[in-house]
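Structural overview
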Amino acid sequence: MTADSAAPTAPARTLVRTGGPEDGSSWLEHVLGWTLVVVVAMFVTQVGWL
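What you are looking at is a predicted structure, and each value in this text was computed from that prediction instead of being measured.

Points about the overall build of the chain
A count of helical and extended segments in the chain gives two helices and zero strands. A burial count over the chain gives 0% of its 50 residues as buried.

Description of helix α2 (residues 27–47)
Here α2 spans 30 Å end to end across 21 residues, near enough to the 30 Å set by a 1.5 Å rise per residue. Following α2 by one or two positions, Gly48 has its phi on the positive side, about 95 degrees.

As for the packing of aromatic side chains
Applying the stated rule across the entire model yields one aromatic pair. For the ring pair Phe43 and Trp49, a centre distance of 5.6 Å and an interplane angle of 90 degrees mean the geometry is edge-to-face. Looking at Phe43, the relative accessible area reads 47%, which means it is partly exposed. Residue Trp49 is classed as exposed on the basis of its relative accessible area, which comes to 61%.

So, a nonpolar patch on the surface
A cluster of nonpolar side chains, namely Trp27, Leu28, Val31 and Leu32, defines an oily patch on the protein surface of about 450 Å² accessible area. For Leu32, the location among the structural elements is in helix α2. Taking relative accessible area as the criterion, Leu32 reaches 52% and is therefore assigned exposed.

About the thresholds
Each chain carries its own residue numbering, running from 1 in the direction its sequence is written. Given that this is a predicted model, residues contribute local features only at a pLDDT of at least 70 and side-chain atom pairs are listed and counted only at 80 or more, while totals for whole chains, interfaces and linings are drawn from all residues. To obtain the side-chain values, all non-hydrogen atoms of the structure were used and water was disregarded. Helix numbering and strand numbering both begin at the N terminus, where a helix is a DSSP run of H or I of at least 4 residues and a strand a DSSP run of E of at least 2. The buried label applies to any residue whose accessible area, calculated with a 1.4 Å probe on protein chains only, is under 20% of its type's maximum; exposed applies above 50%, and partly exposed to all values in between. Expected helix span is computed as 1.5 Å times (number of residues minus one). What counts as a ring pair is set by centres within 6.5 Å for rings of Phe, Tyr and Trp (its six-membered ring), and what kind of pair is set by the plane angle: stacked under 30 degrees, edge-to-face over 60, tilted for all other angles. A patch is a set of surface residues, each over 30% in relative accessible area and not in a salt bridge, joined within 9 Å for like charges and within 5 Å for the nonpolar side chains Val, Leu, Ile, Met, Phe, Trp and Tyr. Values of accessible area rely on a 1.4 Å probe in the Shrake-Rupley scheme; residue burial ignores everything except the protein chains shown. A pairing counts as a salt bridge when a side-chain nitrogen of Lys or Arg comes within 4 Å of a carboxyl oxygen of Asp or Glu.

Next up, the structure:
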């Protein structure tokens, strides 16, 4: 069996959804995400892990 015959035949372009945010995410999602980043950074700094 050659490598070509063992390779699965898939369409040239497939759309795979990973469950992540959609392309048109809202501004609220960005604001909450950055707020979480700032809170975690403040926590890490206060605990002394940095």
